[in-house]
Amino acid sequence: MRHCAWAEPLQNGLMTLPPIIRPAVADDEEALGRLGALLVVEHYDFDPERFLAPRPDTPQAYGRFLTSKIDQQEKLVLVAQRNGAVVGYVFGGMEGFDYMALRGPAAVLYDLVVDAAHRRQGVGAALLDAAFGEFTKRGAPRVLLFTAYKNDGAQSLFERVGFRRTMIEMTRELG
Ligand SMILES: CC(C)(COP(=O)(O)OP(=O)(O)OC[C@H]1O[C@@H](n2cnc3c(N)ncnc32)[C@H](O)[C@@H]1OP(=O)(O)O)[C@@H](O)C(=O)NCCC(=O)NCCS
């Protein structure tokens, strides 16, 4: 059979196709739970005293938590899909004045996760871009997030898409 010069790059290229970004639906619960549990595990590894420990039921609990936010008007849950599979999500919300944080109304990002096999291919940046577009449409003047102090990779992404450093959280064990 004649060798198809384009077939191999096309197949390899499937991994790097730009993802489809769409609002999450109830059927995404399992995928959202799996990705949310990844976030729990990676943060627990940063600091086991500060961050929640993963449990056997973390994927189910996280999936239920995220799908419960889908229909809340002030929340936003978007997923990134490739070849029909959910490979990442972003979760955020519109918040009002917060005097404890000394800030006015803003969009806040709570979670951003990309499946390990799909990282460094623009999926995280595409999710953020879609979230910025949606929050802008909803009238948010700015977007904030908290990121683990040791999460250098995520901080590189956030700075690359325009975030500046504004606060640090500090933790002290008691007793
Ligand atoms: C952080 C995370 C969402 C990044 O997703 P991603 O799809 O890999 O990010 P992108 O491919 O869009 O990255 C775009 C750019 O951001 C920077 N970047 C992203 N991840 C990086 C890393 N681990 N180290 C250094 N720079 C990084 C790079 O400049 C990258 O461009 P390049 O690949 O051309 O160098 C992903 O690593 C992840 O899910 N981590 C675990 C969960 C987590 O920490 N979430 C954030 C805290 S809420």
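Okay, so let's go over this structure. (Residues numbered from 1 in each chain as written. Predicted model: local features only at pLDDT ≥ 70, side-chain atom pairs only at ≥ 80, totals over all residues. Heavy atoms only, no water.)

**Topic: a nonpolar patch on the surface**
For the record, the criterion: Put simply, a patch holds well-exposed residues, over 30% relative accessible area, that have no salt bridge, with like charges counted together within 9 Å and Val, Leu, Ile, Met, Phe, Trp or Tyr side chains within 5 Å. Per-residue accessibility takes into account occlusion by the displayed protein chains alone, with areas from the Shrake-Rupley method and a 1.4 Å probe. By definition, a salt bridge exists where a carboxyl oxygen of Asp or Glu is found within 4 Å of a side-chain nitrogen of Lys or Arg. Where helices and strands are cited, they refer to DSSP runs of H or I of at least four residues and of E of at least two residues respectively, numbered from the N terminus. Throughout this description, buried means an accessible area under 20% of the type-specific maximum (1.4 Å probe, protein chains only), exposed means over 50%, and partly exposed covers the range between.
Taken together, the side chains of Y149, I168 and M170 define a hydrophobic patch exposed on the protein surface, amounting to about 460 Å² of accessible area. By the element assignment, Y149 lies in the loop between strand 5 (143-145) and helix 5 (152-160). On the basis of relative accessible area, Y149 is assigned to the exposed category, the value being 67%.

**Some words on the site of the ligand**
Applied cut-off: Distances are taken per atom, and a residue is near a molecule or strand as soon as one of its heavy atoms is within 4 Å of it. Any pair of nitrogen or oxygen atoms within 3.5 Å is treated as a polar contact; in protein, a donor-acceptor pairing is required on top of that, and neighbouring residues in sequence qualify only through side-chain atoms on both sides. Lys, Arg, Asp and Glu make up the charged group, whereas Ala, Val, Leu, Ile, Met, Phe, Trp, Tyr, Cys and Pro make up the nonpolar group; the residues left over, Gly among them, are polar.
What surrounds the ligand is a group of 18 residues, the closest being L112, V114, R120, G124 and N151. Between the ligand and A125 there is a distance of 2.8 Å, counted from an oxygen atom to a backbone nitrogen or oxygen. Within the contact set of the ligand, an oxygen atom lies 2.8 Å away from a side-chain nitrogen or oxygen of R160. In isolation the ligand offers 900 Å² of accessible surface; the protein chains occlude 79% of this area. Secondary structure elements with two or more residues in the shell around the ligand: helix 2 (29-46), strand 4 (106-114), helix 4 (123-137) and helix 5. Classifying every residue of the shell around the ligand gives eight nonpolar, six polar and four charged.

**Thoughts on the packing of aromatic side chains**
Put simply, the test is: Side-chain rings of Phe, Tyr and Trp (the six-membered ring for Trp) are treated as a pair once their centres are within 6.5 Å; stacked means planes under 30 degrees apart, edge-to-face means over 60, and tilted covers the remaining angles. Two conditions define a charge sitting above a ring: the NZ of Lys or the CZ of Arg must be within 6 Å of the ring centre, and it must be within 35 degrees of the ring normal.
Under the defined criterion, the tally for this structure stands at six aromatic pairs. Ring geometry for F97 versus Y99: centroids 5.9 Å apart, planes at 15°, classification stacked. Accessibility assignment for this pair places F97 and Y99 in one class, exposed. Ring geometry for F132 and F163: centres 5.9 Å apart, planes at 55°, overall tilted. Pair noted here: F132 is in helix 4 and F163 is in the segment after helix 5, with a separation of 31 residues, a long-range link. When its relative accessible area of 15% is taken as the criterion, F163 is described as buried. A cation over an aromatic ring shows up here: R50 above the ring of F51, its NZ or CZ 4.6 Å from the ring centre.

**Let's talk about helix 3 (residues 58-67)**
The test is simple: As used here, the arc belongs to the directions running from the helix axis to the C-beta atoms. In this description, contact between two residues means that some pair of their heavy atoms is separated by no more than 4.5 Å.
Along helix 3, the residues that are buried comprise T58, Y62, G63, L66 and T67. Projected onto a plane normal to the axis of helix 3, the buried residues spread over an arc of 150° and lie on a single side. Buried-residue contacts for helix 3 involve helix 2, strand 2 (75-82), strand 3 (85-95) and strand 4.

**Notes on the sheet that holds strand 3**
Note the threshold: At least two DSSP bridges between two strands are needed for those strands to be called paired. The axes used here are C-alpha line fits, helices contributing only the stretch in contact, and every angle between their N-to-C directions lies in the interval 0 to 180 degrees.
Pairing in this open sheet of five strands is mixed, and the strands run 1-2-3-4-5 from one edge to the other. Each having just a single partner strand, strand 1 (20-23) and strand 5 make up the two edges of the open sheet. Averaged over all neighbouring strand pairs, the angle between strand axes comes to 30°, with direction disregarded. Here three bridges tie strand 4 to strand 5, and the two strands are oriented parallel to one another. When the bridges of strand 5 are listed, L109 appears paired with L145. Packing of helix 4 onto the sheet brings it into contact with strand 1, strand 2, strand 3, strand 4 and strand 5, and relative to strand 4 it is tilted by some 160°.

Limitation: the analysis is restricted to geometry and does not speak to function.
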